[in-house]
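# Summary of the model geometry
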Amino acid sequence: MEARRAWPKEGITRIPYWIYSDPEIYAREQERVFCGPSWSYVALEAELPKPGDFKRTFIGEKPVVVVRDNDGSVNVVENRCAHRGVQFCQTHLGNASEFMCPYHQWTYDLKGNLIGVPFRRGVKKQGGMPADFDPKNHGLRKLSVARRNGVIFASFASDLQPLDEYFGPSMLALYDRVFDGRELALLGYSRQLIPANWKLMFENIKDPYHASLLHVFLVSFGLFRADQPSKIEMDSTGRHGALISWRGEQKKTDDNVDMKSLIDNFRLSDPDLLDPVREFAQYTVVMTTLWPNLIIQQQSNTLAMRQLITRGPDAFELAWTFFGYADDDETMTRRRLRQANLMGPAGFVSIDDSEVMKFSQAGVAAYPESAGVMEMGGRDWKDEPHMVTESVIRAFYDYYRQVMQI
Amino acid sequence: MSAGELRLALEELYADYAACLDEERFEDWPAFFTDPCLYKIVPRENFERGLPLATWLCESKGYLADRVTAIRKTAVYAPRYMRRMVSGIRVLGWSGTVLEVRASYLALETLQDELTRVFNTGQYRDKLVVEDGKLKFREKLCIFDSLLVPNSLIYPL
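Numbers given to residues run from 1 along each chain, matching the order in which its sequence is written. A letter from A marks each chain and a number from 1 marks each ligand, given out in the order of writing. Two thresholds apply to this predicted model, a pLDDT of at least 70 for residue-level local features and 80 or more for giving and counting side-chain atom pairs, whereas whole-chain, interface and lining totals are computed over all residues. To get the side-chain values, take all heavy atoms of the structure and skip hydrogens and water.

## Some remarks on the nonpolar core
Here, the term nonpolar core denotes a set of buried Ala, Val, Leu, Ile, Met, Phe, Trp, Tyr and Cys residues that are joined through side-chain atoms within 4.5 Å. The buried label goes to any residue with under 20% of its type's maximum accessible area, the exposed label to any with over 50%, and the partly exposed label to all in between, with areas taken from a 1.4 Å probe on protein chains only. Counting residues in hydrophobic clusters, the biggest one holds 143 residues, and the most contacted among them are Y397(A), Y400(A), W29(B) and Y39(B). With sequence-adjacent residues up to four places away left out, Y39(B) is seen in contact with Y17(B), W29(B), F33(B), W56(B), L57(B), C58(B), L64(B), K140(B), C142(B), P156(B) and L157(B). Within the second largest apolar cluster, 17 residues are counted, among which are V67(A), C89(A), F99(A) and V117(A). The contact criterion used is simple: two residues touch if any of their non-hydrogen atoms lie within 4.5 Å.

## Quick look at the interface of chain A and chain B
How big an interface is tends to be reported as the loss of accessible area on association of its parts. Listed per partner, the contact involves 39 residues of chain A and 36 residues of chain B. Values labelled buried area give the accessible surface lost by two parts on being combined, using a 1.4 Å probe and summing over both. For the pair chain A and chain B, the two sides together bury roughly 3200 Å², of which 57% comes from carbon and sulfur. For the chain A face of the interface with chain B, the top three residues by lost area are A346(A), F348(A) and E355(A), together amounting to 16%. Any carboxyl oxygen of Asp or Glu that lies within 4 Å of a side-chain nitrogen of Lys or Arg is treated as forming a salt bridge with it. Linking chain A with chain B are five salt bridges. Two residues, R80(B) and E355(A), come together in a salt bridge whose shortest N-O distance is 2.7 Å. N or O atoms within 3.5 Å of each other form a polar contact, as long as, within protein, one can give a hydrogen and the other can take it, and as long as residues adjacent in sequence are counted only when both atoms are side-chain atoms. Along the contact surface separating chain A from chain B lie 22 residue pairs in polar contact (both at pLDDT 80 or more). Going along the chain from the N terminus, every DSSP run of H or I of four or more residues is numbered as a helix, and every run of E of two or more is numbered as a strand. The set of elements that each furnish at least two residues to the side of chain A that touches chain B consists of β12 (184–194), α6 (216–220), β18 (316–325), α7 (330–339) and α8 (350–366) of chain A. No other element matches β12(A), which puts nine residues into the side of chain A that touches chain B.

## Some thoughts on the sheet that holds strand β7 (residues 148–150) of chain B
When DSSP finds at least two bridges between two strands, those strands are taken to pair. With respect to topology, eight strands assemble into an open sheet ordered β13(A)-β14(A)-β15(A)-β16(A)-β17(A)-β18(A)-β12(A)-β7(B), the strand pairing being mixed. A single partner strand is all that each edge strand has here, and the edge strands are β13 (230–234) of chain A together with β7 of chain B. The mean angle between the axes of side-by-side strands here comes to 20°, regardless of whether they run parallel or antiparallel. Taken together, the six bridges between strand β15 (residues 285–290) of chain A and strand β16 (residues 294–299) of chain A define a ladder with antiparallel strand orientation. Bridging from a neighbouring strand, T288(A) pairs with I296(A) of β16(A). Along the sheet face, helix α3 (residues 169–178) of chain A touches β13, β14 (241–245), β15, β16, β17 (302–310) and β18 of chain A and points at about 120° away from the line of β15(A). Structural elements are reduced to axes, namely lines fitted to C-alpha atoms, with helices fitted over the stretch in contact, and the angle between N-to-C directions of any two is expressed from 0 to 180 degrees.

These results come straight from atomic positions and should not be treated as a statement about function.
Right, here's the structure in full:
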């Protein structure tokens, strides 16, 4: 691979296009990124309120089950029977007192311990497992689990940083802003299959440069402008990042004459659609990307986890979990649901992104020998008090290259 | 209206509705609804679990018109054709002046360089009223089975 594929000598200001389509790179990502020492988002506690409640999900492309144990703790196990590899759990959400694989009825408790093997002692003294077969050695593989203020993360690695250190102080502060310990309320799901490499999704949310150009809706209705107060923040490794903005004055200035898409005097026919109220301190919008599979969306009052599930080098599932707080009144819940129109597979804003990611994949996959230019805002990466930069993407690839050793 | 006349009126309404969207006469689409109204496209998993999130939510003709503005003026998307098949129209009955109707729908999407695919399928759960002598949707729910949306949902169902 190294001989055939070399990262351009310019470093992180160039993104070689083979990283978006090469099956060897994809396989290496599964191993190093998703099964490496990283905390992957798997669920909200609010999805599993009662003992036995479970959620079927994925880390990278590997199926896992997240389950609430009888003592209130949360276990994450591989969704793969220890016997012959069957993906035994087939429903998104449910409740179970134990998990039974349908193929040969091997049965596991909520911790993943093997508690039943039919015909283990044989039938009429014939067959059966060897006398020294010990169920203790054949449970489901258990993952490491970390929880913080209503969110559950898991890892295939056993030796890794505690979650707060993994986030780093600046990302932790942004995280705790939304997940402040209040009980969360589940509002619902959206799922879309985006025909693009998973990294293009991270690039998109780490790219404030496009927001005022691609998203005519945001710009036209005054939800985001390149000239509004904003900043970017990253952790010390560059793997996590956040795009932060807050409301400014809405007028056409010399600074935004470059925004060809700006349509003045645009008004919504029904202004109820966007009726934001100030809910969180300081910022209106914070989009946080947490390595390796999570985007936390706080766009005014619409809150969502966007989980990336890889489906080969050229596709990923984007699983959206919209939520509010258990103490939201009816007005606030309605507001969140209305503003959810901005996001998801039919989002006024996110439609542009899913479509453009497909266009990106169509370009980069056809030209693996070429490379993208990433020089907006400089050639290094650091926090900036503005959004006219690709710094957060450069930071991501700086870390990515270390993890991937490419 | 006799049962036969009602059946004919509904067949015509659903055919007109599908044709309006298939022919991309989106500006005419809000006229199929009352004001206020409720138009929602909802993943079946949310509907069945009682989760309130819709993939697409409109609560008035104004909302519908804003969606049309987005389709025409703000959204960036690849060219496509969409064709909607409506079948199995069932009248559940009147409650007062509101007629409850259900039907199955199938939306086929054709993108450039790709074969036509099933984009979305599900059930319409509709509530209609007579307004100015015409049947109008007071409520139209599109409860879809196709949980994993193929990329983007741009046009109404």
